[in-house]
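# A look at the structure
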Amino acid sequence: MIPRHPSRIFRSRWAALLWAAGVIFTAITFIGFGDKESHQAAAMIEDATGTNVSNSDLAVLENFVNG
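In this text the structure is predicted, and so the values were computed from the model without any measurement. (Residues numbered from 1 in each chain as written. Predicted model: local features only at pLDDT ≥ 70, side-chain atom pairs only at ≥ 80, totals over all residues. Heavy atoms only, no water.)

## Looking at the overall build of the protein chain
What counts is decided by this rule: Helix numbering and strand numbering both begin at the N terminus, where a helix is a DSSP run of H or I of at least 4 residues and a strand a DSSP run of E of at least 2. Exposure classes here rest on a 1.4 Å probe applied to the protein chains alone. A residue is buried below 20% of its type maximum, exposed above 50%, and partly exposed in between. Surface accessibility in these figures is a Shrake-Rupley result with a 1.4 Å probe; residues are shielded only by whichever protein chains are displayed.
The secondary structure content of the protein chain amounts to four helices and zero strands. Looking at the 67 residues of the protein chain, the share that counts as buried comes to 3%. Summed over its atoms, the accessible surface of the protein chain is roughly 6400 Å², and 64% of this surface lies on carbon and sulfur atoms.

Encoded structure:
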């Protein structure tokens, strides 16, 4: 991915764009987009003790803060 003369890439915007597209394509090819399960696991909120926070816990906190 690293060319012999990197300064030549950035002489032209189109050459730089194509080079960047190649880098992104290579990254997606090797790493991939991921799966839905890993995104759902990252969306779970945990408190300081490590337990999951539920919507009722968030409602109690919101009521405490607002009034």
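Moving on, there is more to tell.
## Notes on the environment of Pro6
If you trace the backbone, Pro6 turns up in helix α1 (residues 6–9). When the C-alpha atoms of Pro6 and Ala16 are compared, they prove to be 9.8 Å apart, with ten residues separating the residues in sequence.

## Section: helix α2 (residues 13–31)
For clarity, the threshold we go by: Here the expected length of a helix is defined as 1.5 Å per residue gap, with one fewer gap than residues. Polar contacts here mean pairs of N or O atoms no more than 3.5 Å apart (in protein, one a potential hydrogen donor and the other a potential acceptor; neighbouring residues in sequence count only if both atoms are side-chain atoms).
The terminal C-alpha atoms of α2, which comprises 19 residues, lie 27 Å apart, in line with the 27 Å expected from a rise of 1.5 Å per residue. Its side-chain oxygen 3.3 Å from the backbone nitrogen of Trp14, Ser12 forms the N-cap of α2. Trailing α2 by a residue or two, Gly32 shows a phi angle of about 85°, which is positive.

## Here we look at helix α4 (residues 55–66)
Every α-helix winds through 3.6 residues per turn, so residues three or four apart in the chain are directed the same way. Over its twelve residues, α4 runs 16 Å from end to end, which matches the ideal 16 Å to within 8%, given 1.5 Å per residue. By the criterion of burial, α4 is predominantly exposed, with just zero of the twelve residues buried.

## So, a nonpolar patch on the surface
Rules: Like charges are joined within 9 Å and nonpolar side chains (Val, Leu, Ile, Met, Phe, Trp, Tyr) within 5 Å, but only among residues with over 30% relative accessible area and no salt bridge; these make up the patches. Basic side-chain nitrogens of Lys or Arg form a salt bridge, by our definition, when they fall within 4 Å of a carboxyl oxygen of Asp or Glu.
A contiguous nonpolar patch, built from Ile45, Leu58, Leu61, Phe64 and Val65 and spanning about 540 Å² of accessible area, is present on the exposed surface. Here Phe64 shows up in helix α4.

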